Structure formats: C-alpha cells, structure tokens
Amino acid sequence: MDDRRAVLQASVGRLRELVESLSPDDLRRQAYPVEWTVADVLGHLGSAAVISGLRLDASSGGDVDPQPVWDEWNAKDPDAKAADALIADQRLMERILAMTDEERGALALPLGPMTMDDAMFVGLRVNEHALHSWDVAVTFDPGATLAPDEAGAALEFVPMIVGFAGKPTGTTRDVRVHTTGPERDFVLRLSSDSVSLASAEGGTPDLELPADAFVRLVYGRLDPDHTPAFPHDPGVLDELRRVFTGV
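Residues numbered from 1 in each chain as written. Predicted model: local features only at pLDDT ≥ 70, side-chain atom pairs only at ≥ 80, totals over all residues. Heavy atoms only, no water.

Student: Tell me about the nonpolar core, and please be specific about residues and values.
Tutor: Leu-42, Phe-121, Leu-188, Phe-214 and Leu-240 are the most contacted members of the largest nonpolar core, which has 73 residues in total. In terms of residues, this core owes the most to one element, helix 7 (residues 118-140), which gives 10 residues. Leaving out residues up to four positions away in the same chain, Leu-188 has contacts with Val-162, Arg-173, Asp-174, Val-175, Val-195, Ser-196, Leu-197, Leu-240 and Phe-244. (Core = buried A, V, L, I, M, F, W, Y, C linked by side-chain atoms within 4.5 Å. Buried < 20%, exposed > 50% of the residue type's maximum accessible area, 1.4 Å probe, protein only. Helix = DSSP H or I, 4+ residues; strand = E, 2+ residues; numbered from the N terminus. Contact = heavy atoms within 4.5 Å.)

Given below as structure tokens:
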C-alpha cells in the first residue's frame, strides 16, 4: 500500500470511530461550515465517495453527472446521511485498495480542465476527507487538528488548492512560509489578479506555523478561535485569512 492510501485508510477509520460515538442530537448540530449540520458534512463526504466510485467505473470514458447523486443524498434524513456516509466511505476505500497496478497506471479521470492520475485522485480524496472530518471533529472539540499524517499528505496538493481558492485582495507581495511537522518551505505570491504557491529553498520566513495550521488556513479554517499558539505577525495571518476565505 502506498503512503496516500495508508493515510486515507487511517482517516476513514478515525472518522468512523468519531461518528459511531455521536448521538442523533449530535448529528443535528451545526458543524464548522455554518450552513451545514454535522449530518450534512457527512452526507457531503458520502455523496462524494459515491461520485468518485462512479468516476472509477467510467474511468477514461468521460465524466459522470453528479446531480442525481446529490439529489439522492440531499433527500436523506440526518441519521441516514451519517449511516450511509460511513458505508459509502468504506466502499470507496475498499475500491481504492483493490485497484491493480495496471488500473492505477491507466487511471485518467476528468476534473474540470485537468485530468487526474492515481496520485491526484487519491491525494485529493485525502484532502477532502481530512478537512471535512475536521469540520465534524471541531464541533465537539474546539482544539481539534488534522492528524499529522493527514497534514503532511495534504501539503502535497496545497499549491493546486491555492491556485483556485486564493482570492486576490489588491495586495502585491511574496510571503515566505515555513511549516513544521513536516518541515516545508513555500513562497506564496500575491498579485493583483492571482494567488500562487510554490516550493522554496530556505530563507527567512514571514510566517512559520504547523503544517496542520497552514493547510487549514488555505482551506479557510484558521479563524482566530481555531488557531493554535505559535509565534507570528498577526497582520500577516489576518491578511492571508482575507485571501483564503474557504473551500
């Protein structure tokens, strides 16, 4: 099993353990995204798992229409969303683990203007699973963080997420970022019409923070109430919160 699959499998197990401990009232609580309940977040993960499975079925034969799946899951009651999400999540995990080397090498799934290979397909599911699992976990534990393996794996695809999630604010500057756990260096380029992130080599960082916090920042989940203690310039972090308003 490769590292991404191992991380995803661990994340699936953690989410199951958490959800199975929740009461019906817990499922109806507001989750971190203010427009969603805990059950809604789980329903989103469940429907995404079903759609991902359909895409694997279609393989390189073209994309699938997600609307019927969304309609089906939106019609479920909160208890069914939670129960069915765990089933769909596990089924997708089993499907991913069962892929042969030949299937993995041939995978080519459309994603907007891009085509996902196996690494991107599994990696983006890790990011989605980890962040939405956090949306649930933080509802019951304000100090919740991404697991270290999730944060490390998520960093690999953060530059791509930055490209479509970052919103120009009119500021033009480079922000050097250093993460810990794992150690990584990036340069975040803010311009009048784009935001981009690239790996960097050393240098004095403008912002040094745990990898978990950086990933959550890019996904719009590092508000002041959910920011761990680390030395930083509040002005830099506040500026970046305006750049990354949520995915």
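Student: Could you give an account of the packing of helix 3 (residues 38-58) against helix 5 (residues 78-98), naming the residues involved and the relevant values?
Tutor: The contact between helix 3 and helix 5 brings their axes to 8 Å, and the two run at 35 degrees. Once helix 3 is placed against helix 5, the crossing between them reads as left-handed. Touching Ala-39, Asp-40, Leu-42, Gly-43, Gly-46, Ala-49, Val-50, Ser-52, Gly-53, Leu-56 and Asp-57 of helix 3 are Pro-78, Lys-81, Ala-82, Ala-85, Ala-88, Asp-89, Leu-92 and Arg-95, all from helix 5. (Axes fitted to C-alpha atoms, helices over the stretch in contact; angles between N-to-C directions. Left-handed = near helix turned anticlockwise from the far one by under 90°.)

Student: Break down unusual backbone geometry for me, citing the residues and quoting the values.
Tutor: Omega for the bond connecting Gly-181 with Pro-182 falls within 30 degrees of zero, at 5 degrees, which places this linkage in the cis form. Examined against the element boundaries, Pro-182 turns out to sit in the loop between strand 3 (173-180) and strand 4 (184-190).

Student: Give me the sheet that holds strand 4: which residues, what numbers.
Tutor: Strand order in the open sheet formed by 4 strands is 5-4-3-6, and the pairing between neighbours is mixed. Here the strands that pair on one side only, and so sit at the sheet edges, are strand 5 (195-199) and strand 6 (207-210). Pairs of neighbouring strands in the sheet enclose a mean axial angle of 25 degrees, with direction left out of account. On top of the sheet, helix 9 (residues 158-165) reaches strand 4 and strand 5; it is set at about 165 degrees to strand 5, its chief contact. (Pairing = 2+ DSSP bridges.)

Student: Now, about the pairing of strand 5: what can you tell me, with residues and values included?
Tutor: As paired strands, strand 4 and strand 5 are joined by 5 bridges and run antiparallel to one another. Among the inter-strand pairings, Leu-190 is bridged to a residue of strand 5, identified as Val-195. Counting the residues in the hairpin turn of strand 4 and strand 5 gives 4 residues.

Student: An account of helix 11 (residues 234-243) is requested, with residue identities and associated values reported.
Tutor: For helix 11, the full list of buried residues reads Val-236, Leu-237, Glu-239, Leu-240, Arg-241 and Val-243. Looking at the packing, one finds that the buried side of helix 11 touches helix 9, strand 3, strand 4, strand 5, strand 6 and helix 10 (211-218). Its side-chain oxygen at 2.8 Å from the backbone nitrogen of Gly-235, Asp-233 defines the N-terminal cap of helix 11. (Polar contact = N/O pair within 3.5 Å; in protein donor to acceptor, adjacent residues only side chain to side chain.)

Student: Go over the packing of helix 5 against helix 7 with me, naming the residues and quoting the values.
Tutor: A packed helix pair is summarised by two numbers, namely the angle formed by the two axes and the spacing between the axes. Taken N-terminus to C-terminus, the directions of helix 5 and helix 7 make an angle of 155 degrees; their axes are 12 Å apart at the nearest point. Judged by the angle between their axes, helix 5 and helix 7 are roughly antiparallel. The way helix 5 lies across helix 7 gives a crossing that is left-handed. Contacts between helix 5 and helix 7 involve Asp-89, Leu-92 and Ile-96 from the former and Phe-121, Val-122, Arg-125 and His-129 from the latter. For the contact of helix 5 with helix 7, the residue count by class is 4 nonpolar, 1 polar and 2 charged. (Parallel < 35°, antiparallel > 145°, perpendicular 65-115°, else oblique. Nonpolar A, V, L, I, M, F, W, Y, C, P; charged D, E, K, R; others polar.)

Student: Talk me through the side chain of Thr-227; I want residue IDs and the actual numbers.
Tutor: Secondary-structure assignment places Thr-227 in the loop between helix 10 and helix 11. At a separation of 3.3 Å, a polar atom in the side chain of Thr-227 contacts the main-chain carbonyl oxygen of Leu-222. A distance of 2.7 Å separates the side chain of Thr-227 from the backbone oxygen of Asp-223, its partner in a polar contact.

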